[in-house]
Amino acid sequence: MRRGERRSPGTAPAKGALEEQQPQPNGGSPAAAERSPPPGAERDSPGLRRSTESEVYDDGTNTFFWRAHTLTVLFILTCALGYVTLLEETPQDTAYNTKRGIVASILVFLCFGVTQAKDGPFSRPHPAYWRFWLCVSVVYELFLIFILFQTVQDGRKFMKYIDPHLGVPLPERDYGGNCLIYDPGNETDPFHNIWDKLDGFVPAHFFGWYLKTLMIRDWWMCMIISVMFEFLEYSLEHQLPNFSECWWDHWIMDVILCNGLGIYCGMKTLSWLSLKTYKWQGLWNIPTYKGKMKRIVFQFTPYSWVKFEWKPASSLRRWLAVCGIIFVFLLAELNTFYLKFVLWMPPEHYLVLLRLVFFVNVGGVAMREIYDFMDDPKFHKKLGQQAWLVAAITATEFLIVVKYDPYTLTLSLPFYITQCWILGIILVLTWTAWRFFIRDITLRYKEIRRQKQEHKHEKDKCLSNGDGLSSILDEQTGNKLRERKL
């Protein structure tokens, strides 16, 4: 929600309940938001606020930083294009002109999206930041679709236009082998196996799971995804050698140390954010320099906070939604390894890192939109735009993997692994049937039977009032109840 929408008469602070902001139906400009009330305005009152939403106090200061700059961006963009057209001589290099034309087209689309796209649920540090990543999502999805429609050879050759060092098959690093924690045969360094595993991916695992915890905001879901991915690595190590790791690398370094510590720190940060007071003042309304610096730092924290209560066992709809979220998370994780395998990208390549940065920025918005759609379907009648794009991107990445290397994906699982997965799926389906069908039918039958007994008892009581048959009716009722018990 725009800051101008929270402005109150005089100097009294205005109250807001929604985290970050609600999407605007008429676009993303602050001017448009000021002209018409937001769709979530009726929810700003404390009586309609969800119990998991924090209360926000904002003085409504609307500075240059928050105003729309559509004409300014259009003028700068037109001047840049005019300079290229009139003052710059076009090179005679066709490949260079093609690359520059594609980059310019993407930049123009990003400028349009940043100024005109619809706002999402977040507004800090600035709504334009999140509109930028929304437009990057569109560009990335279009790029994936282009790659999907190429042949395998042409698709890998196309990567050379991005980086000449790509397009060359690279061997995957094997993390298995000697799994001794203490190697007595190596007198120089008996712990060399541990030091060999301590590479750049160790801090990446920690920070990755710290950020994933901030996205999911639930300890149980994070731990389930973390453990499930290790089982997937065990199951798929016959397809990708990169999944072959030592047992202590799986469970001690990954699950307990890197992932577990990242989840713990993320939960501590969530606890602080849920207890934080969300009271905002304009920068120029703060008298002290210390207060101004603190306000600048807090600009990079959420505008407000919503605690996620997934409650997967409360209904079949929420259970299926949580299972779908876990499935998409795991599929996106697997796509990271399979994409660089089929497109011949080394793990240290900057494109792999850029993809991770991309998912860090879009994942939080997508999770908030999914939670709103699942928790409050009457108010959020459709899935959010960023969540829709993330799901489409994950599916398209998987389709690229299927097309570019079907042989690897069709390598059959070992028999004992297949048995374990079948057993796990049967257990999940059995629990689902018991929890949402058998248990509910049993409880409903018991409730109906109890209501019938109470109704019959009240009817018998009414018939016994005023006549001398009360003792006889009571005796008959007692006999019938004893017969039913028998």
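What you are looking at is a predicted structure, and each value in this text was computed from that prediction instead of being measured. (Residues numbered from 1 in each chain as written. Predicted model: local features only at pLDDT ≥ 70, side-chain atom pairs only at ≥ 80, totals over all residues. Heavy atoms only, no water.)

Draft legend 1. Representation of the overall build of the chain in the model. Across its full length, the chain holds 16 helices and 3 strands. Looking at the chain as a whole, 41% of its 486 residues qualify as buried. For the chain, the share of sequence-separated contacts (at least 6 apart) that also reach a separation of at least 24 residues comes to 73%. Carbon and sulfur atoms make up 68% of the accessible area of the chain, which amounts to about 28300 Å² in all. (Helix = DSSP H or I, 4+ residues; strand = E, 2+ residues; numbered from the N terminus. Buried < 20%, exposed > 50% of the residue type's maximum accessible area, 1.4 Å probe, protein only. Contact = heavy atoms within 4.5 Å. Areas by Shrake-Rupley, 256 points an atom, 1.4 Å probe, with all protein chains shown as cover.)

Draft legend 2. Just the pattern of salt bridges, in detail. What the rule picks out here adds up to 7 salt bridges. Note that Lys212 is salt-bridged to Glu333, the shortest N-O span being 2.0 Å. Here Lys212 is found in helix α7 (residues 201-216), whereas its partner Glu333 is found in helix α11 (residues 316-342), with 121 residues between them in sequence. Grouping residues by exposure puts Lys212 and Glu333 together as buried. The salt bridge involving Glu309 is made with Lys311; its shortest N-O contact spans 3.6 Å. For Lys311, a relative accessible area of 48% puts it in the partly exposed group. (Salt bridge = Lys/Arg side-chain N within 4 Å of Asp/Glu carboxyl O.)

Draft legend 3. Helix α10 (residues 289-298), seen in detail. For α10, the full list of buried residues reads Gly291, Lys292 and Arg295. Taken down its axis, α10 places every buried residue within 100° of arc, on the same side. Across from the buried face of α10, at angles greater than 90 degrees, the exposed residues are Tyr289, Lys290, Met293, Lys294 and Val297. Looking at the packing, one finds that the buried side of α10 touches β3 (278-280). (Arc of directions from axis to C-beta.)

Draft legend 4. Molecular detail of the environment of Met345. With respect to the helices, strands and loops of the structure, Met345 is situated in the loop between α11 and α12 (350-375). Relative accessible area serves as the criterion here: at 11%, Met345 is assigned to the buried category. Put simply, Met345 and Gly167 are 178 residues apart on the chain and 7.7 Å apart in space, counted from C-alpha to C-alpha.

Draft legend 5. Here's a closer look at the confidence of the model for the chain. Mean pLDDT for the chain: 81, with 82% of residues reaching 70 or above. A low-confidence stretch, residues 1-47 stays under pLDDT 50, and its non-local contacts, those more than four residues away or across chains, total 127 contacts. (pLDDT = per-residue confidence, 0-100.)

Draft legend 6. Structural view of the nonpolar core. With 53 residues, the main nonpolar core has Ile216, Phe243, Trp310 and Phe358 as its most contacted residues. Contributions of two or more residues to this core are made by α4 (127-148), α5 (152-162), α7, α8 (219-236), α11, α12 and α13 (385-404). A per-element tally of this core places α11 first, with 10 residues. Not counting residues within four places of it along the chain, the set of residues in contact with Trp310 comprises Ile216, Asp218, Met221, Arg318, Val322, Ile325, Met367, Tyr371 and Met374. One finds Val56, Tyr278, Tyr303 and Trp305 within the second-largest nonpolar core, a separate group that totals 7 residues. (Core = buried A, V, L, I, M, F, W, Y, C linked by side-chain atoms within 4.5 Å.)

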